[in-house]
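What follows is the residue order along each chain.
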Amino acid sequence: MAVHWEDRLQEPEPTVNPTAGPHENPYLIGVGRADCTGPPGDVPLMGYANLEQTAAGIHTRLFSRAFIVDNGSKRVVFVTADIGMVSQRLRLEVLKELEVKYGILYRQDNVILSGTHTHSGLGGYFQYTLFMITSKGYIKPSIKAIVNGIVKSIDIAHRSIKPGRIYMSKGELEESNLNRSPHSYLNNPAEERNKYKSNTDKQVTLLKFTDLDGDGMGMLSWFAVHAVSMNYTNQMVSSDNMGYASYLLEQEKNIGFLPGEGPFVAAFASSNLGDASPNIRGPFCANTGLPCDYLNSSCPIGGLKMCVALGPAGSDMFNNTKIIGENIFKRAKDLYGKARQEVRGPLHAAHQWVNMTDVTVQLNSTHTGRTCKPALGHSFAAGTTDGGGDLNFTQGAVEGDPFWDGIRDALLGAPSNETQDCHQPKPILFSTGEMTWPLPWHPSIVDVQIITIGPVAIVAIPGEMTTMSGRRIREAVKQELEAQGTFSNAEVVVAGLCNIYTHYITTYEEYQIQRYEGASTIYGPHTLSAYIQKFRGLAKAIAEVRTTYLNVLFQPTLPKGPEPPFFKDSQLFSLLPAAAVDKKPINTTFGEVLERVDSEYTVGDVASVTFVAGNPRHSGDIRDKTFVTVEKYHNSTAHWDVVHTDASWETRFHWVKNGAESNATIEWHIPLSAQAGSYRIRHFGHYKQRKGFLETVIMAYEGVSDVFRVSKIKSNY
């Protein structure tokens, strides 16, 4: 049966008279949250580019959080998901799904997709060769979970739309980020640096969403810090520090709901975090305790790998995550309570696709520059103080290495003279823009996008901008918006890791130093200037539309630009083999307890139980489900109530693989707030077994621990 566009809109769209005043005509607001956790077994985690860092359980679940704002004639959407970054493939698949459901209501120009930049989310959702190599290819169950989670969060927001108001609040947050490349930052002009009191952005910008009664619907904030408190040794899926901040605020607002449930949505989105680390104690040599070399972040003995930045709790990544997440949560909670400045005014959206390999930049009245075909420098392989490389590369390399260059030339081919000249002073390690087998190694076509809600302009950055790069973008967009006189006191927000991933974006001056961030600025030294030029163009188009009498009805008219490729599934590859048939120890069953809980615990203790388990990949779509429950017995009802799931901060699901056999160890870190009483821990999963010679079948199983007591004080017996 044919489906008409009108039929795809699942419900009538609310209408509001666009000529009414702001108090008579509030915004229409929708908020939504949905699970986007993929298979927490065998799939590489995305962020540290370490193929051995594969998922082996769940620390916290991953969620997509969506915010829809409508003024009766236009609609904009901002989504932030607990993933490393939004890839081009992910965005294109999400937009295709939205088109099937809603026709032209949600489009590339009015929907921004952003990633929190957790390095403990799942990979496998890219279509360019470099990213596929570092995450074992295109992994359908992984990308499907993220696409479906994002779309579902938008569905929920769409269905929840009602009249409401938006308030903005801003404030500083100290002791939560540190510049990990201060030497690069110092290469920016002194007069520019003198305008700022810190070499990282401390500002938290927050939007508070309420209904017309003033009851909170949600909160969206931006802060510049890498979500790398969970370090490169972690193998559990985790939303990291930003996700923990969301967890805390949502748990506080959604009383009586389990994590991931309840109407209030709290999102902590990424910003210009390129050089901003949560490891605020800075880099030290792990073997000596002495500070690392300032210029190249290495150690006299052990080199780069020994140079490790420490968080506020030292090397304890769980406490580091907790401390940074709590800091962000507390500041946001304070700003949320103080938010009084109402956001009013028209909505606008502007978007273009840009060929970032061929942008001519007007540097001054007499000189131009241009962007380059993508390439990564030698210092890219050095990594950062948040996770160093394994080989003998160093940060700050402005000359190549004959040994590694020779290997590259033999295996991949040498960079062309044109590309080498364009990227100077970067010594090119991989000339990815000239590598096209089996598919292009890096994107050429990139999204640039801005949405405005009244005076608030959200700039969708397709990568990781450094502190000063973000400041320059904010200043340029603000200047352009206000030049026409249609914006006053524009508040420009840099939203990071949006729509497509293009690594880093440094300033021209930082690029000259060629630390990791500069070496990973793939379109060359004029990358930032090109983005400023393009975002200025979007801002100008929005400002000019607002000068028209009927601005509420018109969208900026901009050239669409060259569309990006959408490669067929048959062109993509996967390096992740199918999960094998599960085996178990002799005389056991799946779900059977191998290591029992103790009979009694005190709050603050850790209850632990180990089960015979199957591969979590066999559980299929795990969204809105759980591998774990912690349950409390109620004498009055003779019923077991679930008090925690695997989405809870207090639980940890460790999947331990030993050949074809595997175990699941469930930990419950009993909080001080736990009530005294009787508890049990349950584990749910699936295993694959053979059925006949060629067929296999997936079977569900569950296991349950012994009942144990939790008390507020330790027993003397």
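Given the structure is predicted, the values throughout are model-derived calculations rather than measurements.

(A) Region of the structure containing the pairing of strand 24 (residues 445-453). The element strand 24 is largely enclosed, with a buried count of nine among its nine residues. Alignment of strand 17 (residues 347-355) against strand 24, held across nine bridges, turns out to be antiparallel. Each bridged residue has a counterpart across the sheet, and for Trp 353 the counterpart in strand 24 is Asp 447. Hairpin connection between strand 24 and strand 25 (residues 456-460): a loop of two residues separates the two successive antiparallel strands, and Gly 454 in this loop has a positive phi of roughly 60 degrees.

(B) Structural detail: the state of the cysteines. Taken as a whole, this structure holds three disulfides when the rule is applied. Through a disulfide, Cys 285 is tied to Cys 299; the S-S separation comes to 2.2 Å. What sets the handedness of the Cys 285 and Cys 299 disulfide is the S-S torsion sign, and at about -110 degrees it is left-handed. With Cys 285 in strand 14 (residues 282-285) and Cys 299 in the loop between strand 14 and strand 15 (307-310), this residue pair connects regions lying 14 residues apart in the sequence. The class of Cys 285 is buried, set by a relative accessible area of 2%. Cysteines bonded in the protein are numbered consecutively along the chain; their disulfide partners then correspond to 1-3, 2-4, 5-6. Of all cysteine sulfurs, the one in Cys 498 lies closest to Cys 36, which takes part in no disulfide; the gap is 15 Å. On the basis of relative accessible area, Cys 498 is assigned to the buried category, the value being 1%.

(C) Broad picture of the pattern of salt bridges. Across all of its chains, the model carries 40 salt bridges by this definition. Across the pair Asp 569 and Arg 89 runs a salt bridge whose closest N-O atoms are separated by 2.8 Å. Remark: Arg 89 occurs in helix 2 (residues 88-102) and Asp 569 occurs in the loop between helix 14 (527-545) and strand 29 (593-595); sequence separation between them is 480 residues. Under the relative-accessibility criterion, Asp 569 is labelled partly exposed at 41%. Accessibility expressed as a relative area gives 1% for Arg 89, which makes it buried. For Lys 101, the salt bridge identified is with Asp 155, shortest N-O distance 2.4 Å. You can see Lys 101 sitting in helix 2 and its partner Asp 155 sitting in helix 4 (residues 140-159), a full 54 residues away along the chain. Within this structure, Arg 33, Arg 65, Asp 82 and Glu 250 form a network of salt bridges that share partners.

(D) Up close: the UniProt feature "binding site: Zn(2+)" (unreviewed entry) in the protein. In the UniProt entry, the feature "binding site: Zn(2+)" (unreviewed entry) is given for His 117, His 226, Glu 464 and Tyr 504. These annotated residues cover 388 residues of sequence, and their C-alpha atoms all fall within 12.7 Å of one another, placing them together at a single site. The buried category is assigned to His 117, whose relative accessible area is 2%. In this view, His 117 contacts Ile 83, Gly 84, Met 85, His 226, Ala 227, Leu 273, Glu 464 and Leu 497; residues no more than four positions away in its chain are not counted. Of note, Tyr 504 is situated in strand 28 (residues 504-505). Residue class for Tyr 504 comes out buried when judged on its relative accessible area of 4%.

(E) Region of the structure containing the environment of Asn 635. Within the secondary structure layout, Asn 635 lies in the loop between strand 32 (628-634) and strand 33 (639-645). Asn 635 sits in the exposed class, given a relative accessible area of 69%.

(F) Quick peek at the packing of aromatic side chains. Enumeration over the complete set of coordinates arrives at 25 aromatic pairs. When the ring of Tyr 128 is compared with that of Phe 567, the centres are 6.1 Å apart and the planes differ by 80 degrees; the resulting orientation is edge-to-face. With Tyr 128 in the loop between strand 7 (121-122) and helix 3 (129-133) and Phe 567 in the loop between helix 14 and strand 29, the pair connects residues that are 439 residues apart, well separated along the chain. You'll find Tyr 128 and Phe 567 in the same group, each marked buried. Between Phe 590 and Tyr 701, the aromatic rings sit 6.0 Å apart at their centres with planes inclined by 40 degrees, giving tilted as the arrangement.

Criteria and thresholds
Residues numbered from 1 in each chain as written. Predicted model: local features only at pLDDT ≥ 70, side-chain atom pairs only at ≥ 80, totals over all residues. Heavy atoms only, no water. Buried < 20%, exposed > 50% of the residue type's maximum accessible area, 1.4 Å probe, protein only. Helix = DSSP H or I, 4+ residues; strand = E, 2+ residues; numbered from the N terminus. Pairing = 2+ DSSP bridges. Disulfide = S-S within 2.5 Å. Salt bridge = Lys/Arg side-chain N within 4 Å of Asp/Glu carboxyl O. UniProt positions renumbered as here; feature names shortened; annotations may be inferred. Contact = heavy atoms within 4.5 Å. Phe/Tyr/Trp six-rings, centres within 6.5 Å; stacked < 30°, edge-to-face > 60°.

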